[in-house]
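The lines below spell out each chain.
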Amino acid sequence: MKPYDKRDFPVANVRRFLEPGPIVLLSSAWKGERNIMTMGWHMIMEFQPSLVGCYIWTENHSFGMVRKSKECVINIPTADLAAKVVRIGNTSGRDVDKFAEFGLTAQPGAKVAAPLIAECYASFECRLADSSLIGKYSLFVLEVVKAHVAASPEYPRTLHYRGDGEFMISGTNTRRYRKLFKPHML
Ligand SMILES: Cc1cc2nc3c(=O)[nH]c(=O)nc-3n(C[C@H](O)[C@H](O)[C@H](O)COP(=O)(O)O)c2cc1C
């Protein structure tokens, strides 16, 4: 395999390669109000318990809703929802009810008061597990307490943000390298 000819690259833009998981829609509820925000900055922190770290900007309406309710739902949209995903990220729940505005259906969760989004492929009900990093990093450490995942397709076409208005849509999947993994690393 040939080495790559690498050039200097702005450090502020490395996120374009590192932003890993799919773009998600984070739904929340507080005092009779419901809301949705688009979120790309999240990471798996542990799988038992199932912990996910989420960056929620202090200026977002969702910030106060999740901090006060200590709950939310992480929903996984597919590529057919791309335009709505961007529009949801361009509007604030301070001004509009985004469920009504974008024609999305709120479904009750089993364990949290925040609504699931019916049109999303998967919905993970979360409770705030650790608030100690919110003040310094706006990082909410959430525990997934209940997961709802569509039976099909096996591989949804998820959206992955690369910055600068560009999405990558998930495509090829391979199990070709599975045999190389140590069993406990699978
Ligand atoms: C593709 C995309 C990814 C985004 N990722 C994040 C994110 O990781 N964290 C965040 O706080 N805001 C993120 N935003 C911005 C919020 O979605 C946006 O500020 C939204 O309007 C907040 O809504 P709210 O005020 O109703 O909470 C993203 C927006 C887009 C379009």
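Rules and cut-offs
Residues numbered from 1 in each chain as written. Predicted model: local features only at pLDDT ≥ 70, side-chain atom pairs only at ≥ 80, totals over all residues. Heavy atoms only, no water. Near = heavy atom within 4 Å. Polar contact = N/O pair within 3.5 Å; in protein donor to acceptor, adjacent residues only side chain to side chain. Areas by Shrake-Rupley, 256 points an atom, 1.4 Å probe, with all protein chains shown as cover. 1 Å grid on protein atoms, 1.4 Å probe; cavity = no way out; pocket = protein on both sides within 12 Å on 5 of 7 lines; lining within 4 Å. Sits in = over half its atoms within 2 Å of the grid points. Helix = DSSP H or I, 4+ residues; strand = E, 2+ residues; numbered from the N terminus. Pairing = 2+ DSSP bridges. Axes fitted to C-alpha atoms, helices over the stretch in contact; angles between N-to-C directions. Contact = heavy atoms within 4.5 Å. Disulfide = S-S within 2.5 Å. Buried < 20%, exposed > 50% of the residue type's maximum accessible area, 1.4 Å probe, protein only. Core = buried A, V, L, I, M, F, W, Y, C linked by side-chain atoms within 4.5 Å.

Peer 1: What is the right way to read the site of the ligand from this model?
Peer 2: The ligand sits among 21 residues. The nearest are Trp-57, Ser-62, Thr-91, Ser-92 and Gly-93. The backbone of Trp-57 places a nitrogen or oxygen atom 2.8 Å from an oxygen atom of the ligand. Bound to the protein, the ligand loses 85% of the 650 Å² it would expose on its own. Cavity membership is defined here by more than half of the atoms lying within 2 Å of grid points; on that basis the ligand lies in the largest pocket. At the level of elements, strand S2 (33–39), helix H2 (61–69) and helix H3 (82–90) are the ones that each hand at least two residues to the shell around the ligand.

Peer 1: Looking at this model, I keep getting lost on the sheet that holds strand S4 (residues 50–55). Mind explaining?
Peer 2: Pairing between the strands of a sheet is mediated by backbone hydrogen bonds and can be parallel or antiparallel. Strand order in the open sheet made by the seven strands is S2-S1-S5-S8-S9-S4-S3, with antiparallel pairing throughout. Each having just a single partner strand, S2 and strand S3 (42–47) make up the two edges of the open sheet. When the angles between neighbouring strand axes are averaged without regard to direction, this sheet yields 30°. As judged from the three bridges shared by strand S1 (residues 24–30) and strand S5 (residues 71–76), these two strands associate in the antiparallel manner. In the strand pairing of S5, Ser-27 is matched with Val-73. Most of the contacts of H3 go to S2, to which it runs at about 110°, and overall it touches S1 and S2.

Peer 1: When you look at the state of the cysteines in this model, what are you seeing that I'm missing?
Peer 2: Put plainly, two cysteines are in a disulfide when a covalent bond ties their sulfur atoms together. All chains considered together, the criterion is met by zero disulfides. Cysteine Cys-120 shares no disulfide, and the gap to the nearest cysteine sulfur, in Cys-126, comes to 13 Å. Here Cys-126 is not cross-linked by a disulfide; its sulfur's nearest cysteine counterpart is in Cys-72, at 4.7 Å. By relative accessible area, which is 0% here, Cys-126 ends up buried.

Peer 1: Explain the pairing of S3 here, please?
Peer 2: Sheet analysis places S3 next to S4, joined by five bridges and oriented antiparallel. When the bridges of S4 are listed, Phe-47 appears paired with Ser-50. Connecting the antiparallel pair S3 and S4 is a turn made up of two residues.

Peer 1: Help me understand the nonpolar core, please; the structure alone is not making it clear to me.
Peer 2: Side chains of a nonpolar character, in soluble globular proteins, are inclined to be buried together. Counting residues in hydrophobic clusters, the biggest one holds 20 residues, and the most contacted among them are Leu-26, Ile-56, Ile-74, Phe-140 and Leu-142. Counting residues per element, the ones that place at least two in this core are S1, S2, S4, H2, S5, strand S8 (122–130) and strand S9 (139–149). If we ignore the near neighbours within four places in the chain, the residues touching Ile-56 are Leu-26, Met-37, Ser-62, Phe-63, Val-66, Ser-138 and Phe-140. One finds Ile-23, Ala-79, Ala-82 and Phe-102 within the second-largest nonpolar core, a separate group that totals 14 residues.

Peer 1: Sorry if this is basic, but what is going on with the side chain of Asn-35 here?
Peer 2: Within the secondary structure layout, Asn-35 lies in strand S2. Leave out the neighbours within four places in its chain, and Asn-35 touches Leu-26, Ser-27, Ser-28, His-61, Ser-62, Met-65, Gly-93, Lys-98 and Phe-99.

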